[in-house]
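Geometric and topological summary
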Amino acid sequence: MAFSKRTIDDLEIPEGGGVFVRVDFNVPLKDGEVTDDARIRQTVPTIEALRERGAHLVLASHLGRPDGRDPETSMEPTSRRLGELLGAHVHQASEVIGPEVRREVERLEPGEILMLENLRWESGETDNDDELAHELADLADVYVNDAFGASHRAHASVYGVPQHLRPAVAGKLLEKEVTTLTELIEDPQQPFVVVLGGAKVSDKIGLIERFLEVADAILIGGAMCFSFFRAQDIPTGDSMVEEDDIEVARRVLEKAEDSDCDLRLPVDLVAGRAFEEDTERQELDGVEVPDGWMGLDVGHRTVEGYREVIEGAAQVFWNGPMGAFELAPFAEGTRAVAEAVAESEAKTVVGGGDSAAALASFGLADSVTHLSTGGGASLELLEGKELPGVEVLDDA
Ligand code: ADP
Ligand code: MG
């Protein structure tokens, strides 16, 4: 499927020119170290390609949700990790904008990289402040967006800067994300199986409705199954259910009746007394959750059934863990589904922040066709929404 935007492949960079690259290095940190560098690694091809053409690069990203300047959320661990991946030094700026940053940019030699500080240290970033966008745009000669995970937000670095800095084109990761995810839904290989879990039905209602039209089967797990059970008057004990979600689930069940899509719910569950690692645990033979217990994972029979459907697929999309996978006693359902997806010969795509984290924690991140770096962005794209950060780029 042809990508409708210009990319770095047809980008002319002026001699001695600088490229502003919006990247998504919003990665998990522990004790000042990056614990999952998938987002950084996936940007390396774009960065290498631009360096090879003699450009110097100004990289910008946000990290976490700081309220103003907060050293805990410095980009430094990410620029260090990027440097290790490239085998080259990456300069770390001490600010997002300002005279010192401009001096640092002026000192860059061809092929050198400067990482700006966390964009969210400036409140103008999320407000799409025009002055901030102008200042950032002044740091380079061309604009590249490779931050798929931030492209659903019309923030200054994603939407404002390219209004002032042209050409504005897509990096390799952005192109790959948009093409892969669009193809999945607009030109699906069949049978197309969707595995959907996670917390809330209402978060994913747009997705479910779209998948009911294009998928052959939807396999439901995670906390969202309890809204479906309540919609069928099945007792859910103390499981996580939001009242508003029950009505949404009821409508989905009705739509599924009228569709050719096979919507499946768990047939057995694992329950715990509380959302805790060392809580009392029991395997339920069925889906009725007794009072005083909460459903925290899908059971063996469910996993076996889901595995069979996944094995027969030509294309699989997985979003949302099957249970409370952060707690070891309730991670088995998610692990089994992750393994089935990883072992499948089909085209397999995984999207969503927690699903990506789960896959990485099982060491299976490289065993799927595509692991989307976008949480919200991948879901919005699949729902059919336009992403402001993509729309704003030059048309091909
Ligand atoms: P993603 O980020 O992949 O889209 P979500 O954010 O929708 O996924 O859901 C992930 C969260 O859902 C995890 O924090 C997980 O603990 C929680 N979750 C899944 N199943 C259950 C359950 N049965 N009870 C409570 N929480 C659950
Ligand atoms: Mg999530």
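To continue, consider the overall build of the protein. In terms of helices and strands, the protein carries 15 helices and 17 strands. Its C-alpha atoms give the protein a radius of gyration of 22 Å, near enough to 21 Å, the size a compact globule of 396 residues would have. Taken along its principal axes, the extent of the C-alpha atoms in the protein is 65 × 45 × 35 Å. Going through the 396 residues of the protein one by one, you find that 58% of them count as buried. Sequence-distant contacts in the protein: of pairs separated by 6 or more residues, those separated by 24 or more amount to 74%. Summed over its atoms, the accessible surface of the protein is roughly 16,600 Å², and 42% of this surface lies on carbon and sulfur atoms. Placing the 35 positive and 80 negative side-chain charges of the protein at their respective mean positions leaves the two points 1 Å apart.

Considering the arrangement of structural elements, one finds Gly111 in the loop between helix H4 (99-106) and strand E6 (113-115). Discounting chain neighbours no more than four positions away, the residues touching Gly111 are Arg51, Gly54, Ala55 and His56.

Another aspect to go through is a negative patch on the surface. Taken together, the side chains of Asp127, Asp129, Asp130 and Glu131 make up a negatively charged region of the molecular surface. Summarising the element assignment, Asp129 is placed in the loop between E6 and helix H5 (130-137).

Size it by volume and the second largest pocket reaches roughly 340 Å³. In terms of lining residues, the second largest pocket is bounded by 19 residues, among which Val178, Thr182, Glu186, Leu381 and Glu391 are the most central. Secondary structure elements with two or more residues in the lining of the second largest pocket: helix H7 (172-186), helix H14 (376-383) and helix H15 (388-391).

The rules behind these values
- Residues numbered from 1 in each chain as written.
- Chains lettered and ligands numbered in written order.
- Predicted model: local features only at pLDDT ≥ 70, side-chain atom pairs only at ≥ 80, totals over all residues.
- Heavy atoms only, no water.
- Helix = DSSP H or I, 4+ residues; strand = E, 2+ residues; numbered from the N terminus.
- Rg over C-alpha atoms; globule rule 2.2 N^0.38 Å.
- Buried < 20%, exposed > 50% of the residue type's maximum accessible area, 1.4 Å probe, protein only.
- Contact = heavy atoms within 4.5 Å.
- Areas by Shrake-Rupley, 256 points an atom, 1.4 Å probe, with all protein chains shown as cover.
- Lys, Arg positive; Asp, Glu negative; His and termini not counted.
- Charge placed at Lys NZ, Arg CZ, Asp CG, Glu CD.
- Patch = residues over 30% accessible without salt bridge, like charges linked within 9 Å, V, L, I, M, F, W, Y side chains within 5 Å.
- Salt bridge = Lys/Arg side-chain N within 4 Å of Asp/Glu carboxyl O.
- 1 Å grid on protein atoms, 1.4 Å probe; cavity = no way out; pocket = protein on both sides within 12 Å on 5 of 7 lines; lining within 4 Å.
- Points joined across faces, edges and corners; volume = space filled by probe spheres on them.

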